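Listed below, chain by chain, are the residues.
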Amino acid sequence: MKVKHIASAILLAAITAACGGTQNNASQGLALKDVVADQFLMGTAINVRQAAGLDTSATNIVKKHFNAIVAENCMKMEEVQPEEGRFTFNDADNFVKFGEENGLTMTGHVLIWHSQCPDWFCVDKNGKNVSPEVLKQRMKTHITTVVQHFKGKLKGWDVVNEAILEDGSYRKSKFYEILGEEFIPLAFQYAHEADSTIELYYNDYGMDNPGRREGVVKLIRSLKEKGLRIDAVGMQGHMGMDYPKIEEFEKSMLAFAQEGVKVMITEWDMSALPTVSRTANISDTVAFQKALNPYPNELPDSVSQAWNARMKQFFNLFEKHADIVDRVTAWGVSDGDSWKNGFPIRGRKDYPLLFDRNYQPKPWVKEVIEEAEANSQK
Ligand code: XIL
């Protein structure tokens, strides 16, 4: 089935090239999305400049290699409702227009998240937590307005992001402080009431962690027991050279699928830089800064080889479980776009994405494309 599809993709590329068609680089053969066409959607996050068509080097890659997009920032709570009752959808509408014009599957990110949540959302004018009733009403208004604004345009929404901690307990966010565990089922309920056709996802990071895995499994069960819709779990997939362990990541993929939901790798990137804990006490010494930002010019071959091998291992893992994986989404188009250049430490030069700063595919991407092309010739 897969080989057949790839063969027809090559044929199409050849015909388009022969007819002088405009398909990007058609004569160069397959794109990444063709490699996995019968397995899962191949997505990328895009930023507001890209959504507005102001970065054609990046958007040419998106059009060629990806068939799904998610907004890196412009659908977040503080972006779409910066003040109570004032909804601003300009950037998000550009994103949807770009997706529609290019036939891309779109995911909404995100309805309820403690981060990038506007200051006003959970407190009153005096800065005191609002009552449970007021917060419920604000959540309902936000979710209903946003979901309905994009009705018919998106495939699904990340309904709640990053609510479960590594010990499986709930993050002590304002939402939790005010509403307790109920805030999650409420968010799913409001989203479903706003659009009963849209897919609904729970999204989180560090999903390889056994405690969080258990916590998320419990959450899926409790949503289902309440009769609420949950279609998939999004595993963010922000990785480094020494985390996560591939076996633990795989265990979580299987554990979630076992609960009857699909799995999505929603924010895939792999830092090539030394791992720094978010809580690390960062010293200012020049030597220490150099150690933290070791490749300010380019990635040495040895590191690049290890990085490419590890990315390919994970990609192969996703392919191995294509029956449960619905979408794999990179968190940005090219290395220059990545949030990892500024997180967890500002001003580092990182190399975490599928395309480099010159918009060229990384070696492992070229390899999987070439392998698919070779297989289709057999
Ligand atoms: C990040 C964006 O990439 C940055 O541009 C922004 O400054 C902060 O947020 N988990 C998520 C994403 O769910 O929304 C975050 O995106 C990365 C971590």
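Scroll up to find the structure this text is about.
Rules behind the numbers
- Residues numbered from 1 in each chain as written.
- Predicted model: local features only at pLDDT ≥ 70, side-chain atom pairs only at ≥ 80, totals over all residues.
- Heavy atoms only, no water.
- Helix = DSSP H or I, 4+ residues; strand = E, 2+ residues; numbered from the N terminus.
- Buried < 20%, exposed > 50% of the residue type's maximum accessible area, 1.4 Å probe, protein only.
- Contact = heavy atoms within 4.5 Å.
- Near = heavy atom within 4 Å.
- Polar contact = N/O pair within 3.5 Å; in protein donor to acceptor, adjacent residues only side chain to side chain.
- Areas by Shrake-Rupley, 256 points an atom, 1.4 Å probe, with all protein chains shown as cover.
- Nonpolar A, V, L, I, M, F, W, Y, C, P; charged D, E, K, R; others polar.
- Pairing = 2+ DSSP bridges.
- Salt bridge = Lys/Arg side-chain N within 4 Å of Asp/Glu carboxyl O.
- Core = buried A, V, L, I, M, F, W, Y, C linked by side-chain atoms within 4.5 Å.
- Phe/Tyr/Trp six-rings, centres within 6.5 Å; stacked < 30°, edge-to-face > 60°.
- Lys NZ or Arg CZ within 6 Å of the ring centre and 35° of its normal.

Within the secondary structure, Asp231 is located in the loop between helix H10 (210-225) and strand E6 (232-235). With a relative accessible area of 17%, Asp231 lands in the buried category. Sequence-distant contacts of Asp231, defined by excluding residues within four places in its chain, comprise Ile198, Glu199, Leu200, Tyr201, Val261 and Lys262.

Around the ligand there are 13 residues in total, and Glu72, Lys76, His109, Asn161 and Glu267 lie nearest to it. A distance of 3.0 Å is found between an oxygen atom of the ligand and a side-chain nitrogen or oxygen belonging to Asn73. Surface burial for the ligand is 79%, taken as the share of its 420 Å² of free accessible area covered by protein chains. Its residues placed into classes, the shell around the ligand shows 3 nonpolar, 6 polar and 4 charged.

The next thing to look at is the pairing of strand E9 (residues 325-330). Counted residue by residue, E9 has 6 buried out of 6 residues, so it is predominantly covered. As judged from the 4 bridges shared by strand E1 (residues 41-46) and E9, these two strands associate in the parallel manner. Within the sheet, the bridge partner assigned to Thr44 lies in E9 and is Ala330. Note: strand E8 (residues 262-270) against E9, 4 bridges, orientation parallel.

Considering all chains together, one arrives at 18 salt bridges under this definition. A salt bridge links Glu100 to Lys153; the shortest N-O distance between them is 3.3 Å. Of this pair, Glu100 sits in helix H6 (residues 90-101) while Lys153 sits in the loop between helix H7 (132-149) and strand E4 (156-161), and the two are 53 residues apart along the sequence. Assessed through its relative accessible area of 36%, Lys153 is described here as partly exposed. Between Asp326 and Lys155 there is a salt bridge, with the nearest N and O atoms lying 3.1 Å from each other. Placement of the pair is Asp326 in strand E9 and Lys155 in the loop between H7 and E4, with a sequence separation of 171 residues. Since its relative accessible area comes to 18%, Asp326 is described here as buried. Salt bridges linked by common partners bring Lys155, Glu199, Lys262 and Asp326 together as one network.

Let us now look at the nonpolar core. Counting residues in each nonpolar core, the largest one holds 106 residues, and the members touching the most others are Met139, Trp268, Phe318 and Leu354. Sort the elements by how many residues they give to this core and helix H9 (residues 183-194) lands first, with 8 residues. Excluding its chain neighbours within four sequence positions, the residues that come into contact with Phe318 are Phe40, Met239, Phe249, Met253, Ile265, Trp268, Val325 and Val328.

For the rest of this paragraph, the subject is the environment of Asn73. Within the element layout of this structure, Asn73 appears in the loop between strand E2 (68-71) and helix H5 (77-80). Since its relative accessible area comes to 30%, Asn73 is described here as partly exposed. The residues touching Asn73, leaving out its near neighbours within four places in the chain, are Glu79 and Gln116. Side-chain polar atoms of Asn73 contact the side chain of Lys76, separated by 2.8 Å. Reaching out from Asn73, the side chain makes a polar contact with the side chain of Gln116 at a distance of 3.1 Å.

On to the environment of Ala187, then. With respect to the helices and strands, the residue Ala187 is situated in helix H9. Judged by its relative accessible area of 0%, Ala187 falls in the buried class. In the structure, Ala187 is positioned 47 residues away from Lys140 in sequence and 7.5 Å away in space, judged by C-alpha atoms. Apart from residues no more than four positions distant in its own chain, Ala187 is found in contact with Ile112, Met139, Ile143, Val159 and Val160.

A full pass over the atoms with the stated rule returns 16 aromatic pairs. An aromatic cluster is present here, built from Phe40, Phe249, Trp268, Phe314, Phe315, Phe318 and Trp364 joined pairwise through their rings. The cationic tip of Arg357 hangs over the ring face of Tyr351; the distance from NZ or CZ to the ring centre is 5.1 Å. Directly above the aromatic system of Trp307 lies the positively charged group of Lys362, at a separation of 4.2 Å from the ring centroid.

Take helix H4 (residues 56-65) next. Turning to H4, its buried residues are Ala58, Thr59, Ile61, Val62, Lys64 and His65. Summarising the contacts, the buried residues of H4 are in contact with helix H2 (32-35), E1, helix H3 (48-51), E2, H6 and helix H14 (363-377).

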